[in-house]
Amino acid sequence: GIVKRLCECEMSIASQCLLVKNCKPFLKPMTAFNVLLKVNVKLTGSNWQIAPEPSVKPILDQLSQQKAIVIGMDVNHPGGRDQRVPSLAAMVGSLDGSMARYGASVKINRSGIETIHYIQEALMERIEHFYMNTKQHPKSVIIYRDGVAQSMFQEIMREEYRGIRDALDKGGMK
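Novice: Can you walk me through the packing of helix α4 (residues 119–134) against helix α5 (residues 153–170) in this structure?
Specialist: If you want to describe how two helices pack, look at the angle between their axes and the distance between the axes. Between α4 and α5, whose axes approach to 8 Å, the crossing angle comes to 40°. Regarding the angle of α4 to α5, the classification is oblique. Where α4 crosses over α5, the handedness of that crossing is right-handed. For the pair formed by α4 and α5, the contact residues are Ile119, Gln120, Leu123, Met124 and Ile127 on the first element and Glu160, Gly163, Ile164, Asp166, Ala167, Leu168 and Lys170 on the second.

Novice: Which parts of the structure should I look at to understand the environment of Val141?
Specialist: Within the secondary structure, Val141 sits in strand β4 (residues 140–145). Take Val141: its relative accessible area is 27%, and that puts it in the partly exposed class. Expressed as a C-alpha distance, the spacing of Val141 and Ile164, which sit 23 residues apart in the sequence, is 10.0 Å. Among all residues touching Val141, those that are not within four sequence positions of it are Ile69, Ile71, Leu168 and Met173.

Novice: What's the story with the pairing of strand β2 (residues 87–94) in this structure? I'm lost.
Specialist: Two faces make up the sheet, and in a regular strand the side chains alternate between them. As defined by bridge partners, strand β1 (residues 68–76) adjoins β2 across six bridges and the pair is classed as antiparallel. Each bridged residue has a counterpart across the sheet, and for Val75 the counterpart in β2 is Ala89. Pairing between β2 and strand β3 (residues 102–109): eight bridges, direction antiparallel. By the bridge assignment, Gly93 is partnered in β3 with Gly103.

Novice: Looking at this model, I keep getting lost on the nonpolar core. Mind explaining?
Specialist: The nonpolar side chains of a soluble globular protein tend to be buried with one another. Met73, Met91 and Leu123 are the most contacted members of the largest nonpolar core, which totals 16 residues. Taken together, the elements giving at least two residues each to this core come down to β1, β2, α4 and α5.

Novice: Looking at this structure, I do not really get the side chain of Ser87. What am I missing?
Specialist: Assignment of secondary structure puts Ser87 in strand β2. Within the structure, Ser87 has its side chain in polar contact with the side chain of His77 (distance 2.7 Å). Once you skip the residues sitting within four places of it in the chain, Ser87 turns out to touch Val75, Asn76, His77, Pro78, Lys107, Ile108, Asn109, Arg110, Ser111, Gly112 and Ile113.

Novice: Would you mind going over the sheet that holds β2 with me for this structure?
Specialist: Across a sheet, paired strands are connected by hydrogen bonds in the backbone, their directions being either parallel or antiparallel. Pairing is mixed in the open sheet, where four strands are placed in the order β3-β2-β1-β4. The sheet is open, and its two borders are formed by β3 and β4, each paired with just one other strand. Between one strand axis and the next, the sheet turns through 20° on average, direction left out of account. Packing of α5 onto the sheet brings it into contact with β1 and β4, and relative to β4 it is tilted by some 150°.

Cut-offs applied
- Residues numbered from 1 in each chain as written.
- Predicted model: local features only at pLDDT ≥ 70, side-chain atom pairs only at ≥ 80, totals over all residues.
- Heavy atoms only, no water.
- Axes fitted to C-alpha atoms, helices over the stretch in contact; angles between N-to-C directions.
- Helix = DSSP H or I, 4+ residues; strand = E, 2+ residues; numbered from the N terminus.
- Parallel < 35°, antiparallel > 145°, perpendicular 65-115°, else oblique.
- Left-handed = near helix turned anticlockwise from the far one by under 90°.
- Contact = heavy atoms within 4.5 Å.
- Buried < 20%, exposed > 50% of the residue type's maximum accessible area, 1.4 Å probe, protein only.
- Pairing = 2+ DSSP bridges.
- Core = buried A, V, L, I, M, F, W, Y, C linked by side-chain atoms within 4.5 Å.
- Polar contact = N/O pair within 3.5 Å; in protein donor to acceptor, adjacent residues only side chain to side chain.

In structure tokens, the structure reads:
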């Protein structure tokens, strides 16, 4: 609605709106729970945390202490492979060592192309947001890349690795 558009698009204010019909005759507990989860995240809270198996806990603790950033990336192509509609490349990155909060960068990619062309720019954004939240650069970068066919793996690896390496170098990371 207009309130949400004004708040979030024009004023950069996080908002949470409720329809009157969802509050009458009273607010249902499940609705209240879901609204509170949304409000908590918008206030930079974390709703979930990893509860690992005992054998995995030491690894996650080490990654957290090392200030590891976890990155996930994929390219979404238009339906029907319409060459006039661009593909979208998305990257998410953890915002702190808890690995429970993530931020996203979305870039327009050439239609039908699986290689992420703005990978350097997107990764630098994710590292910058990690730094803004922790006041430290990540010591480790863990990247999950989805959507690459086996036949394209070497090409994607060669092209995207260069962009990843350049982003880390520009960010002062080894």
